Amino acid sequence: MYRTNEKLLILIILSLSIAPAIFLGEGNRNLLLIVVMFIAPIFLLKYLKIDKIDILLLALFLYMIVVPMVYNPESYRISTVLYSVLFGLLFLSYKQLFYNSTFTVEFYSKLLKYIIYAYFITLLIQQFCVLTGLPVFNVSNYDPTKPWKLNSLSPEPSHTARILALLMFSYIITIEIIKKRTYSFVQEFKIDKYIWLAFLWIMLTTNSGTAFLFLM
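Residues numbered from 1 in each chain as written. Predicted model: local features only at pLDDT ≥ 70, side-chain atom pairs only at ≥ 80, totals over all residues. Heavy atoms only, no water.

### Regarding the confidence of the model for the chain
So, step 1. Residues with a pLDDT of 70 or more make up 98% of the chain, whose mean pLDDT is 90.
So, step 2. Mean pLDDT values for the elements of the chain range from 76 in helix α3 (residues 42-47) up to 97 in helix α6 (residues 105-132). (pLDDT = per-residue confidence, 0-100. Helix = DSSP H or I, 4+ residues; strand = E, 2+ residues; numbered from the N terminus.)

### Things to note about helix α5 (residues 78-99)
For an α-helix, the turn length of 3.6 residues means that residues three or four places apart are oriented alike.
So, step 1. Between its terminal C-alpha atoms α5 stretches 31 Å, which fits the 32 Å expected from 22 residues at 1.5 Å a residue.
So, step 2. For α5, the complete set of buried residues consists of Val81, Val85, Leu86, Gly88, Leu89, Leu90, Leu92, Ser93, Lys95, Gln96 and Leu97. (Expected span 1.5 Å × (residues − 1). Buried < 20%, exposed > 50% of the residue type's maximum accessible area, 1.4 Å probe, protein only.)

### Concerning a nonpolar patch on the surface
So, step 1. Side chains of Leu62, Val66, Met69, Val70 and Tyr71 sit close together on the surface and give an oily, nonpolar patch of about 540 Å² of accessible area.
So, step 2. Along the chain, the position of leucine 62 falls in helix α4 (residues 52-71). (Patch = residues over 30% accessible without salt bridge, like charges linked within 9 Å, V, L, I, M, F, W, Y side chains within 5 Å. Areas by Shrake-Rupley, 256 points an atom, 1.4 Å probe, with all protein chains shown as cover. Salt bridge = Lys/Arg side-chain N within 4 Å of Asp/Glu carboxyl O.)

### Notes on the side chain of serine 93
So, step 1. Within the fold, serine 93 resides in helix α5.
So, step 2. Of the polar contacts made by the side chain of serine 93, one reaches the backbone oxygen of alanine 40; its length is 3.2 Å.
So, step 3. Dropping the residues within four chain positions of it, serine 93 is found in contact with Ala40, Pro41 and Leu44. (Polar contact = N/O pair within 3.5 Å; in protein donor to acceptor, adjacent residues only side chain to side chain. Contact = heavy atoms within 4.5 Å.)

### Points about the layout of surface pockets
So, step 1. Considered as a void within the structure, the largest pocket measures approximately 410 Å³ in volume.
So, step 2. Residue lining of the largest pocket: 15 residues in total, with Ile13, Leu16, Phe91, Tyr94 and Tyr108 positioned closest to the centre.
So, step 3. Of all elements in the fold, only α1 (4-17), α5, α6 and α7 (157-179) reach the threshold of two or more residues within the lining of the largest pocket. (1 Å grid on protein atoms, 1.4 Å probe; cavity = no way out; pocket = protein on both sides within 12 Å on 5 of 7 lines; lining within 4 Å. Points joined across faces, edges and corners; volume = space filled by probe spheres on them.)

### Quick notes on unusual backbone geometry
So, step 1. A positive phi angle, near 55°, is found at serine 152, a position not held by glycine.
So, step 2. Of note, serine 152 is situated in the loop between α6 and α7.
So, step 3. You will see that asparagine 207, though not glycine, has its phi angle at about 60°, which is positive.
So, step 4. Mapped onto the elements of the fold, asparagine 207 is located in the loop between α8 (185-205) and α9 (209-215).
So, step 5. Residue classification places asparagine 207 among the partly exposed residues on the basis of a relative accessible area of 42%.

Structure below.
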């Protein structure tokens, strides 16, 4: 059984990786991620450990809060500033949770695969819905005049392309760390053929120009 820290790490990774339509608010805001960003900093208080490198980030937070308020008060939006600060605190919290967990690179590698497969399966369901004329599952920012431009588990196809490219790149890096050598497509294809199939299917069939750019 995973401890609380490991469960929170998984939740943070998922909230940064996916944005199901049910969690999308106004302006495609990922409400799941926003809730996690509010919860995660509580664990900074639990461990109360700030490393030297964190001081730079905390100083940046202070700069972001104070300087616009002093020099540009008429257009100062505290909500925008706090949103940025919450992102920073989320990563500080992630780091502390990670240092106080049993999270391994092997588990992270498996988690990346599950997320990529989830994107693939969701996209297949959406494509089946378009093909059969059924209401499209988990759809957001959908244009009926471009029926095959589908979002999968992100707000829109271009977001899917960016996220999947980063997830796949991260997966390759984890394999290099685990095997302590450079990733070889030829050597690893027999083991990784299904994850590559899922990745390429998503990148080639979401009809996103961004996907082709990131694929290169």
